[in-house]
Structures are given as C-alpha cells and as structure tokens.
Amino acid sequence: QVQLVESGGGLVQAGGSLRLSCAASGRTFSIYAMGWFRQVPGKGREFVAAMTWSGASTNYADSVKGRFTISRDNAKNTVFLQMNSLKPEDTAVYYCTAGADSYIGSGSRNYAYWGQGTQVTVSS
C-alpha cells in the first residue's frame, strides 16, 4: 500500500500563490506517476496535473496551463503543485494521487492511491 499526505492548502486572495505538497510513504517503489485532482461540492473530481515519477512527462488541464506547475523530489518521495495567479474558480479540495503505471491522463479511475485532500480557497 501507498499512503499520501497533502499539505499546503489555505486561503489566498485572487492573484496570489500557494504550493501544495504531497508526501508518499509505504510501497513507494510501486509508484510510476503522481498527480493532482480537485473537487468542489456536488461535482466529480477534476484533473489538474500529473507527471511520471521519472519527471520525463507532465500533463496539465487546460484551465491551469501556464499558472500551475507540478514537480517532484524523488529523494523525499514528494510531489508539489505550485499554483500561481490563483482565481476564485480554483477554489476546491485538492487531492494528491498516485498510479502504479505511467498513465498521467485525466481519468481518475486509473490512479490507485489517493490522499485525504487539502482545501484551497481563493477569495475575490
């Protein structure tokens, strides 16, 4: 099993920045990709960004391209999501996810492990 723990959420004004972190533990050798989804009440989880654990490939939702950057620190088994130029519509619970293969697409069912989520609120 793999455990994922997110941190870094909070309240920020529109135009501001936040950096989310996700620390993986357990059978981390089985992780081939990590990513982020977000969810607002009453809606399904929305893909945000993902990357292969090697760092060779990344994928972003159109809504965050140019504003968000996903990165990782392999030595610490941690993935980050740097969020700049935040908008009120970015308000959501952000979930870290990890996959047992190199899939980095937008299908949430293709990811095997999930964190508990961290709230991001962007005020206008």
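Model, not experiment: these values are computed from the prediction. (Residues numbered from 1 in each chain as written. Predicted model: local features only at pLDDT ≥ 70, side-chain atom pairs only at ≥ 80, totals over all residues. Heavy atoms only, no water.)

Draft legend 1. Broad picture of the pattern of salt bridges. Counted according to the given criterion, the structure contains four salt bridges. With its nearest N and O atoms 2.9 Å apart, the salt bridge here joins D90 to R38. With a gap of 52 residues between them, D90 in the loop between β8 (78-83) and β9 (92-99) and R38 in strand β4 (residues 33-39) connect regions that are remote in the sequence. R38 matches D90 in its accessibility class, with the two residues each being buried. (Salt bridge = Lys/Arg side-chain N within 4 Å of Asp/Glu carboxyl O. Helix = DSSP H or I, 4+ residues; strand = E, 2+ residues; numbered from the N terminus. Buried < 20%, exposed > 50% of the residue type's maximum accessible area, 1.4 Å probe, protein only.)

Draft legend 2. Looking closely at the environment of T118. With respect to the helices, strands and loops of the structure, T118 is situated in strand β11 (residues 118-123). Overall, T118 belongs to the buried group, its relative accessible area being 13%. Sequence spacing of T118 and T91 is 27 residues, and the spatial spacing of their C-alpha atoms is 11 Å. Leaving out residues up to four positions away in the same chain, T118 has contacts with E6, G9, L20, A92, V93 and Y94. From its side chain, T118 meets the backbone nitrogen of G9 in a polar contact 3.3 Å long. (Contact = heavy atoms within 4.5 Å. Polar contact = N/O pair within 3.5 Å; in protein donor to acceptor, adjacent residues only side chain to side chain.)

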